[in-house]
Structures are given as structure tokens and as C-alpha cells.
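Letter by letter, the chains look like this.
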Amino acid sequence: QVQLVESGGGLVQAGGSLRLSCAASGHTFSNKAMGWFRQAPGKEREFVAGINWSGVYYSDSVKGRFAISRDNAENMVFLQMNSLKPEDTAVYYCAGGRTSIIYTELSQYSYWGQGTQVTVSS
């Protein structure tokens, strides 16, 4: 059974930092793209960052502030979030891709975690 489990969310003041972790089990994602998405109240789930064997890709809203990384040996993915803003408040989801290509569309990801809440106060 494939599981993705996120951790590291919480409440932080604007300008602060958080590091999210995603632990994968039941499947090896080393040759697949992994992504982070987020969903704010009343909004659709959106792409935040992705990583594959050759590089990373970020949404314009987080570029320069967030950094995605992975540890294939541990089957884990991370999202370092710096200079957080109130508009970053959302539930953050880890996702395992269908292929090695980084897509921004939800449909290109087969596996999802349960999400971790990030709240940024002003």
C-alpha cells in the first residue's frame, strides 16, 4: 500500500520559515517526479513546486522563497519555505508523479498525502 505522509506544518508569523517533509512508503519514487501542492480555503488545489532527476520547478508565487529537495535513499521529499506570507496559508500536499516529468496538473500525480496545515499570521 502506497502512503505519502506529510509533516512539519504549523503556525508561523509572516517572514518566518517552515520545513515540510514527506515520507513515502510502499513505492519507490526515485525515478518519478514529486510535487508539492497547496489548497487555501475556498480555492482550488494549486501546484507549488516539483522535482525530478534533472531539476526543480516552482510556481511564480513561491519562486525565490521556497526550495524543494529530495532524499531518494530515504524516499523523502522536503519543502523549505522562507519569507512566508499570509497568502501562503493553506493545506500543503505531497504528491507522487506518474512519470519523471514535472507537471503542474493534479491529474499527472498518482499518489497524494493527507496534507499538513500551514498558517501564516500577519
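All of the points below concern the structure found in this document. Model, not experiment: these values are computed from the prediction.

### Focus on the pattern of salt bridges
Side chains carrying opposite charge are able to pair once their charged atoms draw close together.
Next up, step 1: Applying the stated criterion across every chain yields a total of four salt bridges.
Next up, step 2: The salt bridge partner of Arg38 is Glu46, with a shortest N-O separation of 2.7 Å.
Next up, step 3: Linking Arg65 and Asp88 is a salt bridge whose minimum nitrogen-to-oxygen distance equals 2.7 Å. Here Asp88 lies in the loop between strand S8 (76-81) and strand S9 (90-97) and Arg65 lies in the loop between strand S6 (56-58) and strand S7 (66-71), a separation of 23 residues in the sequence.
Next up, step 4: Judged by its relative accessible area of 10%, Arg65 falls in the buried class.
Next up, step 5: What makes Asp88 buried here is its relative accessible area of 0%.
Next up, step 6: Shared partners join several salt bridges into a network, and the residues in it are Arg38, Glu46, Arg65 and Asp88.

### Details of the side chain of Glu6
Next up, step 1: Following the sequence through the fold, Glu6 ends up in strand S1 (residues 3-7).
Next up, step 2: A polar side-chain atom of Glu6 sits 2.8 Å from the main-chain amide nitrogen of Cys94.
Next up, step 3: Within the structure, Glu6 has its side chain in polar contact with the backbone nitrogen of Gln114 (distance 3.1 Å).
Next up, step 4: Once you skip the residues sitting within four places of it in the chain, Glu6 turns out to touch Ser21, Cys22, Trp36, Tyr92, Tyr93, Cys94, Gly113, Gln114, Gly115 and Thr116.

### Points about the nonpolar core
Next up, step 1: The biggest cluster of nonpolar side chains holds 26 residues, and the ones touching the most others in it are Trp36, Val48, Phe66, Ile68, Leu79, Met81 and Tyr92.
Next up, step 2: Breaking this core down by element, the ones donating at least two residues are strand S3 (18-25), strand S4 (34-39), strand S5 (46-51), S7, S8, S9 and strand S11 (116-121).
Next up, step 3: Considering each element in turn, this core owes the most residues, four residues, to S3.
Next up, step 4: In contact with Met81, other than residues within four places in its own chain, are Gly16, Ser17, Leu18, Leu20, Arg65, Phe66, Tyr92 and Val118.
Next up, step 5: The next biggest cluster of nonpolar side chains, apart from the first, holds six residues, and it includes Ala33, Phe47, Ile102 and Tyr109.

### Regarding the state of the cysteines
Next up, step 1: Evaluation of the coordinates by the stated rule reveals one disulfide.
Next up, step 2: A sulfur-sulfur distance of 2.1 Å marks the disulfide that ties Cys22 to Cys94. With the S-S dihedral at roughly -75 degrees, the linkage between Cys22 and Cys94 falls on the left-handed side. In this pair, Cys22 is assigned in strand S3 and Cys94 in strand S9, connecting sequence segments 72 residues apart.

Criteria and thresholds
- Residues numbered from 1 in each chain as written.
- Predicted model: local features only at pLDDT ≥ 70, side-chain atom pairs only at ≥ 80, totals over all residues.
- Heavy atoms only, no water.
- Salt bridge = Lys/Arg side-chain N within 4 Å of Asp/Glu carboxyl O.
- Helix = DSSP H or I, 4+ residues; strand = E, 2+ residues; numbered from the N terminus.
- Buried < 20%, exposed > 50% of the residue type's maximum accessible area, 1.4 Å probe, protein only.
- Polar contact = N/O pair within 3.5 Å; in protein donor to acceptor, adjacent residues only side chain to side chain.
- Contact = heavy atoms within 4.5 Å.
- Core = buried A, V, L, I, M, F, W, Y, C linked by side-chain atoms within 4.5 Å.
- Disulfide = S-S within 2.5 Å.

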